[in-house]
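Here are the chains, one letter per residue:
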Amino acid sequence: MPDLTLYMPDPASIRVIECSPPSWMVQLALEEKELDYQVRSLSFAAGEHRSPEMLARNPRGTVPVLTDGPIAVYETLAIVEYLEFAYPAAPLLPNTNPLRALALTRLHESSHLKTAGMGLFSYLMKTRGLDLDPNEVDRLAVAFHDELFYWEYYYGISQFAAGSALSYADISVFTYVAAAAHLGLPLDERYPNLKRFYERMKGRISVVTTWPPWKPTPYAYLAETM
Ligand SMILES: N[C@@H](CCC(=O)N[C@@H](CS)C(=O)NCC(=O)O)C(=O)O
């Protein structure tokens, strides 16, 4: 029996974004693999992710952190690689060399989207509304758009990032696209392929089960950037 615990932020403690995309990605992987796990929600606002207990699990004080009994893993890509190795059932990587190569490439490539997305999300999260500099929002949004365009292209080629089956790259990309939609990104206007991908993913049980507590009306931070 797995003894899995996912340490992730309490969404209510993350201003504006109200979600941790990398933590959500790991949670989606656990759900897709239908593994038993528990979530330990940490208040970011109260600094619980940097408590002595958490720093013992991850000296960098970041989340997600996954424990499997006495084993602690941090860094999102390490966590999903560990999950695939320890719990291969319901694989989230293809089993042929060409498709696996593509799936791994896309998974690691999604780190660029993550860097650009987190740059923008962190700024919005850490800056009080009145102090927001519209030029800085634009600058960060442009970098994010530059990355989104790659994925718009890839999802025009195939349903998923590596062929016709879901793999880790898809759940990674999805969390950033969903967070962007929450911030008001008009997907249908600029990203029709991403929009279709986003809607397909939204129908998955894993996504429905773990959907962040977002209000139905998106913010407008990304409504007019570009
Ligand atoms: N490289 C890490 C970064 C994850 C990350 O950016 N986590 C954010 C939350 S979304 C975090 O823990 N921030 C807390 C901090 O930097 O103090 C990973 O992939 O797991």
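Residues numbered from 1 in each chain as written. Predicted model: local features only at pLDDT ≥ 70, side-chain atom pairs only at ≥ 80, totals over all residues. Heavy atoms only, no water.

For the coordinates displayed, the defined rule picks out 6 salt bridges. Residues Glu 32 and Arg 204 are paired through a salt bridge, measuring 2.8 Å at the closest nitrogen-oxygen approach. Of this pair, Glu 32 sits in helix 1 (residues 21–32) while Arg 204 sits in the loop between helix 8 (192–202) and helix 9 (205–210), and the two are 172 residues apart along the sequence. Overall, the relative accessible area of 16% leaves Glu 32 in the buried class. Relative accessible area serves as the criterion here: at 27%, Arg 204 is assigned to the partly exposed category. Its salt-bridge partner being Glu 199, residue Lys 195 comes within 3.2 Å of it at the nearest N-O pair. Residue Lys 195 and its partner Glu 199 are located together in helix 8, separated by 4 residues, close to a single helical turn. (Salt bridge = Lys/Arg side-chain N within 4 Å of Asp/Glu carboxyl O. Helix = DSSP H or I, 4+ residues; strand = E, 2+ residues; numbered from the N terminus. Buried < 20%, exposed > 50% of the residue type's maximum accessible area, 1.4 Å probe, protein only.)

What follows is about the side chain of Ser 110. Relative to the elements of secondary structure, Ser 110 occurs in helix 4 (residues 97–126). For Ser 110, a relative accessible area of 2% puts it in the buried group. A polar contact is formed between the side chain of Ser 110 and the backbone oxygen of Leu 107, at a distance of 2.6 Å. Leaving out residues up to four positions away in the same chain, Ser 110 has contacts with Trp 151, Ser 172 and Val 173. (Polar contact = N/O pair within 3.5 Å; in protein donor to acceptor, adjacent residues only side chain to side chain. Contact = heavy atoms within 4.5 Å.)

Further remarks concern the packing of aromatic side chains. Think of a pair of aromatic rings as described by two things: how far the centres are apart, and how the planes are tilted against each other in angle. Scanning the model with the defined rule gives 13 aromatic pairs in all. Between the aromatic rings of Phe 121 and Tyr 176, the centroid separation amounts to 6.4 Å while the plane-to-plane angle is 15°, which identifies the pairing as stacked. In this pair, Phe 121 sits in helix 4 while Tyr 176 sits in helix 6 (residues 168–182), placing the two residues 55 residues apart along the sequence. For Phe 121, a relative accessible area of 2% translates into the label buried. (Phe/Tyr/Trp six-rings, centres within 6.5 Å; stacked < 30°, edge-to-face > 60°.)

In this section: the site of the ligand. Close to the ligand lie Ser 20, Pro 22, Phe 44, His 49, Arg 50, Thr 62, Val 63, Pro 64, Glu 75, Thr 76, Lys 114 and Met 118, which account for all nearby residues. One of the side-chain nitrogen or oxygen atoms of His 49 is found 3.5 Å away from an oxygen atom of the ligand. Protein coverage of the free-state accessible area of the ligand, which is 520 Å², stands at 76%. Here the shell around the ligand is built from residues that sort into 5 nonpolar, 4 polar and 3 charged. (Near = heavy atom within 4 Å. Areas by Shrake-Rupley, 256 points an atom, 1.4 Å probe, with all protein chains shown as cover. Nonpolar A, V, L, I, M, F, W, Y, C, P; charged D, E, K, R; others polar.)

In short, the description is geometric, and any link to function would need to be established separately.
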